[in-house]
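These are the residues of each chain, in order.
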Amino acid sequence: MNLQELARDGVRALTPYLSARRIGGQGDVWLNANEFPGAESYALTQPLNRYPECQPPMLLAAYAAYAGVRTEQLLVSRGADESIELLIRAFCEPGKDAVLYCPPTYGMYGVSAETFGVTRKTVLSTKDWQLDLPAIEAALNETTPKVKVVYVCHPNNPTGNLLDHEDLRRLLRMAEGKALVVIDEAYIDFCPEMSTASWLSSFPHLVILRTLSKAFALAGLRCGFTMAHPEVIQLLLKVIAPYPIPVPVADIATQALTGNGLQQGKRNVADVIDNRRWLQQALSQCSCVDRVFPSEGNWLLVRFSDVAHVFRTLGEQGIVVRDQSKQPGLAGCLRITIGTREECERVVQVLKEIR
Ligand SMILES: *Cc1c(COP(=O)(O)O)cnc(C)c1O
């Protein structure tokens, strides 16, 4: 029996998302997945014999208070990644509709669309990594396939920049009545004043993605949030699994979002920003570095004159970073997550020795 032939055509052709974990690597300094370098410990306070609520009320209330939205505007999911997929499942007809996103950017928008047989339309960002609005508008006006969801990442992974707020408003206006605009705010906790959450009441087709994986140091927990009009949330609830959030996840996420947990989150952000500033300064003095791009997230995008050599040398010294050099416009670039100060120093020590 040929199991390959039994599978869907589209699945046979798929290459799974190459996450930092799947690419792997060897070393003791892990700066390849934009994780927070330190961990809190949490104790389980809930029994496990019962099924969880689909949307754990305490967790919803805690995040709603943190983000300044109503619980009806909120969905909890298995990381922000699950939400990227739920939006496609709820809004895109396979073989008929499309999603649109703007490379260089986060890889999961394309992977999730492909998994469901939904066309991927891409509009490259401009030279300064802003939205190419005329090209996006042209793509939104095409009818076959029809763009139903536009994903933009703010701040953008891996380029590190914020998108112009006026451009985002223009995008929302041009997508009105046509498509959802999903603003991925996975890193907004590092620059909270730039959030677009307060626009939710003005734009019913605005969707905002959040996660506890980055600033809250809980990548292993798998907990993310979607903020949107209550009707969009109700549509997503039709396609989500019956028990997507395990009891321990809800328990720990609620702890992280209340009292001391929130204070710790704030300290994490301050530490990252402090180390980012230090690393940016130190890298700009290394002769192998061509350019350090400014970043609003917990990483730096760095262009090197000989990226293959730098990547290899870092690897040999046990430092794992993310190669971005194959993304459009990012030749020569590596993405380096902000680790502890000691980890940042290790990076600089190695790079200083490279001509
Ligand atoms: C890390 C990341 C996510 C995924 O977050 P999870 O909650 O861990 O699934 C989504 N979007 C962007 C831009 C990210 O970098």
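Please read all numbers here as calculations on a predicted model, not as lab measurements. (Residues numbered from 1 in each chain as written. Predicted model: local features only at pLDDT ≥ 70, side-chain atom pairs only at ≥ 80, totals over all residues. Heavy atoms only, no water.)

Peer 1: Could you give an account of the overall build of the protein chain, with specific residues and numbers?
Peer 2: Across its full length, the protein chain carries 13 helices and twelve strands. Relative to the 2.2 N^0.38 estimate, which gives 20 Å for 355 residues, the radius of gyration of the protein chain is 21 Å and therefore close to what a compact globule would have. Principal axes of the C-alpha set define a box for the protein chain whose edges measure 55 × 55 × 50 Å. Classification of the 355 residues of the protein chain by burial places 53% in the buried group. Considering only contacts within the protein chain whose residues lie at least 6 apart along the sequence, 71% involve residues at least 24 apart. Accessible area of the protein chain: about 16500 Å², with a carbon and sulfur share of 51%. Within the protein chain, one finds 36 positive and 38 negative side-chain charges whose respective centroids are separated by 2 Å. (Helix = DSSP H or I, 4+ residues; strand = E, 2+ residues; numbered from the N terminus. Rg over C-alpha atoms; globule rule 2.2 N^0.38 Å. Buried < 20%, exposed > 50% of the residue type's maximum accessible area, 1.4 Å probe, protein only. Contact = heavy atoms within 4.5 Å. Areas by Shrake-Rupley, 256 points an atom, 1.4 Å probe, with all protein chains shown as cover. Lys, Arg positive; Asp, Glu negative; His and termini not counted. Charge placed at Lys NZ, Arg CZ, Asp CG, Glu CD.)

Peer 1: Help me get a handle on the sheet that holds strand β10 (residues 299-304), residues and values and all.
Peer 2: Read from one edge to the other, the open sheet built from five strands follows the order β1-β11-β12-β10-β9, with strand pairing classed as mixed. Bordering the open sheet on either side are β1 (29-31) and β9 (289-293), each of which pairs with just one other strand. In this sheet, neighbouring strand axes are inclined to one another by 30 degrees on average, regardless of whether the strands run parallel or antiparallel. In the sheet, β1 pairs with strand β11 (residues 319-323) via three bridges, with the strands oriented parallel. Bridging from a neighbouring strand, valine 29 pairs with isoleucine 319 of β11. Across the face of the sheet, helix α11 (residues 260-283) comes into contact with β9, β10 and β12 (333-337) while running at roughly 10 degrees to β10. (Pairing = 2+ DSSP bridges. Axes fitted to C-alpha atoms, helices over the stretch in contact; angles between N-to-C directions.)

Peer 1: Give a detailed account of the site of the ligand, specifying residues and quantitative values.
Peer 2: Close contacts around the ligand come from 13 residues, with Ala80, Asp184, Thr211, Ser213 and Lys214 the closest. In this structure, an oxygen atom belonging to the ligand sits 3.0 Å away from a main-chain N or O atom of aspartate 81. Aspartate 184 is positioned such that a nitrogen or oxygen atom in its side chain is 2.6 Å from a nitrogen atom of the ligand. When the free accessible area of the ligand is taken as 390 Å², the share hidden by the protein chains comes to 94%. The dominant element in the shell around the ligand, judged by the number of residues it contributes, is helix α5 (residues 79-91), at three residues. When the residues that make up the shell around the ligand are grouped by side-chain class, the tally is five nonpolar, four polar and four charged. (Near = heavy atom within 4 Å. Polar contact = N/O pair within 3.5 Å; in protein donor to acceptor, adjacent residues only side chain to side chain. Nonpolar A, V, L, I, M, F, W, Y, C, P; charged D, E, K, R; others polar.)

Peer 1: Quick rundown of helix α12 (residues 307-316)? Include the residues and the values.
Peer 2: An α-helix turns once per 3.6 residues; consequently, residues spaced three or four apart project the same way. Along α12, the residues classified as buried are Val307, Val310, Thr313 and Leu314. Here the buried residues of α12 occupy an arc of 130 degrees about the axis, which is enough to place them on one side. Turning to α12, the residues buried within the fold contact β10, β11, β12 and α13 (341-352). At the exit of α12 stands glycine 318, carrying a positive phi of roughly 80 degrees. (Arc of directions from axis to C-beta.)

Peer 1: Outline unusual backbone geometry, listing residues and values.
Peer 2: The amide bond that connects proline 103 to the next residue, proline 104, takes the cis arrangement and shows omega of 0 degrees. Here proline 104 is to be found in the loop between β3 (97-101) and α6 (108-115). Residue proline 158 is bonded to the preceding asparagine 157 through a cis peptide linkage, with omega at 15 degrees. With respect to the secondary-structure elements, proline 158 resides in the loop between β5 (146-153) and α8 (165-175). Positive phi, normally seen in glycine, also occurs at asparagine 34, with a value near 55 degrees.

Peer 1: Residues and numbers for the pattern of salt bridges, please.
Peer 2: Tallied over the full model, the rule gives 15 salt bridges. Between arginine 346 and aspartate 28 there is a salt bridge, with its nearest N and O atoms 3.2 Å apart. Residue arginine 346 is located in helix α13, and its partner aspartate 28 is located in the loop between α3 (20-23) and β1; the two are separated by 318 residues in the primary sequence. Assessed through its relative accessible area of 28%, arginine 346 is described here as partly exposed. A salt bridge links arginine 341 to aspartate 274; the shortest N-O distance between them is 3.6 Å. Of the two residues, arginine 341 sits in helix α13 while aspartate 274 sits in helix α11, which places them 67 residues apart along the sequence. Given the relative accessible area of 40%, aspartate 274 is considered partly exposed. Through salt bridges with shared partners, one network takes in Glu166, Arg169 and Arg173. (Salt bridge = Lys/Arg side-chain N within 4 Å of Asp/Glu carboxyl O.)

Peer 1: Now, about the sheet that holds strand β7 (residues 206-211): what can you tell me, with residues and values included?
Peer 2: The mixed open sheet is built from seven strands, whose spatial order is β2-β8-β7-β6-β5-β3-β4. One side of each edge strand has no neighbouring strand; the edge strands of this open sheet are β2 (74-77) and β4 (119-122). Adjacent strand axes in the sheet meet at a mean angle of 25 degrees when their direction is disregarded. As judged from the five bridges shared by β5 and strand β6 (residues 180-184), these two strands associate in the parallel manner. If you follow valine 149 over to β6, its bridge partner there is leucine 180. Contacting β2, β7 and β8 (224-228), helix α4 (residues 57-67) runs over the sheet at an angle of about 120 degrees to β2. Strands in contact with helix α9 (residues 230-239) are β2, β6, β7 and β8; relative to β8, the strand with the most contacts, it is inclined by about 135 degrees.

Bear in mind that shape data such as this cannot, by itself, settle questions of function.
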